[in-house]
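Coordinate inspection notes
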Amino acid sequence: MQPAIQALDRWDHLEALQNEYAEFQPFLIDCMEDLMGFTGTDIQVDIGNFLQHGPQYLMIQAQRSQAKSSIVAIFSVWCLIHDPKYRVLIISAGSDVALEIANWVIQII
């Protein structure tokens, strides 16, 4: 297949993903269930909705084990689907955690 045709196919697939996951919540639920193997709680879905519909500058605070990092990794992929020029900066207290989150993003893609 010619490179130009492959590029058009990729854009068609991207457009299909954008249409299928216009809202973040279905993408979040599918990723949690299909890729990570757990069902999201109401709190986790609420965090996802806040990420999509909250203010431009926001902070998420929740108890341990609420999958905050996983949700934000999934959200960053969803943002990349809707804007391929989007850039994600992962900041963490330790490089191991940042690397783990970056690997989640790559695995989701």
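Bear in mind the structure is a predicted one, so any value in this text is a computation, not a measurement. (Residues numbered from 1 in each chain as written. Predicted model: local features only at pLDDT ≥ 70, side-chain atom pairs only at ≥ 80, totals over all residues. Heavy atoms only, no water.)

Things to note about the packing of helix 2 (residues 24–35) against helix 4 (residues 68–82)
In a pair of packed helices, the angle between the axes and the distance between the axes together describe the arrangement. Basically, it comes down to this: For helices, the fitted axis covers only the stretch in contact; all axes are lines through C-alpha atoms, and the angles between them, taken along N-to-C directions, range from 0 to 180 degrees. Numbering of helices and strands starts at the N terminus; helices are DSSP runs of H or I of at least 4 residues and strands are runs of E of at least 2. What sets the label is the angle itself: under 35 degrees gives roughly parallel, over 145 gives roughly antiparallel, 65 to 115 gives roughly perpendicular, and the rest give oblique. Each crossing gets its handedness from the near helix: less than a right angle anticlockwise from the far helix is left-handed, clockwise is right-handed. Contacts are residue-level and defined by heavy atoms, with any inter-residue pair within 4.5 Å sufficient.
Between helix 2 and helix 4, whose axes approach to 10 Å, the crossing angle comes to 125°. By the angle between their directions, the pair helix 2 and helix 4 is classed as oblique. Crossing handedness for the pair helix 2 and helix 4: right-handed. Contact residues: helix 2 offers F24, F27, L28, C31 and M32, while helix 4 offers I71, I74, F75, V77, W78 and I81.

Examining the nonpolar core
Note the cut-off: Take the buried Ala, Val, Leu, Ile, Met, Phe, Trp, Tyr and Cys residues and link them wherever side-chain atoms come within 4.5 Å; each set so joined is a nonpolar core. Only protein chains enter the accessibility calculation, which uses a 1.4 Å probe. A residue is then buried if its area is under 20% of the maximum for its type, exposed if over 50%, and partly exposed in between.
In this structure, F24, F27, I71, I74 and W78 are the most contacted members of the largest nonpolar core, which totals 21 residues. Mapped by element, the contributors of at least two residues to this core are helix 2, helix 3 (42–53), helix 4 and helix 5 (95–108). The leading source of residues in this core is helix 4, at eight residues. For I71, the residues in contact, after removing those within four places along its chain, are F24, L28, Q44, I47, G48, L51 and Q66.

What to know about unusual backbone geometry
Unlike most non-glycine residues, S65 shows phi in positive territory, near 70°. Note on placement: S65 falls in the loop between helix 3 and helix 4. Residue S65 is classed as exposed on the basis of its relative accessible area of 74%. Not every positive phi belongs to a glycine, and A67 is a case in point at roughly 65°. For A67, the position within the fold is in the loop between helix 3 and helix 4.

Re the state of the cysteines
How we decide: By definition, disulfides here are pairs of cysteine sulfur atoms that lie within 2.5 Å.
Taken as a whole, this structure holds zero disulfides when the rule is applied. The closest cysteine sulfur to the non-disulfide-bonded C31 is located on C79, 12 Å from its own sulfur. The class of C79 is buried, set by a relative accessible area of 10%.

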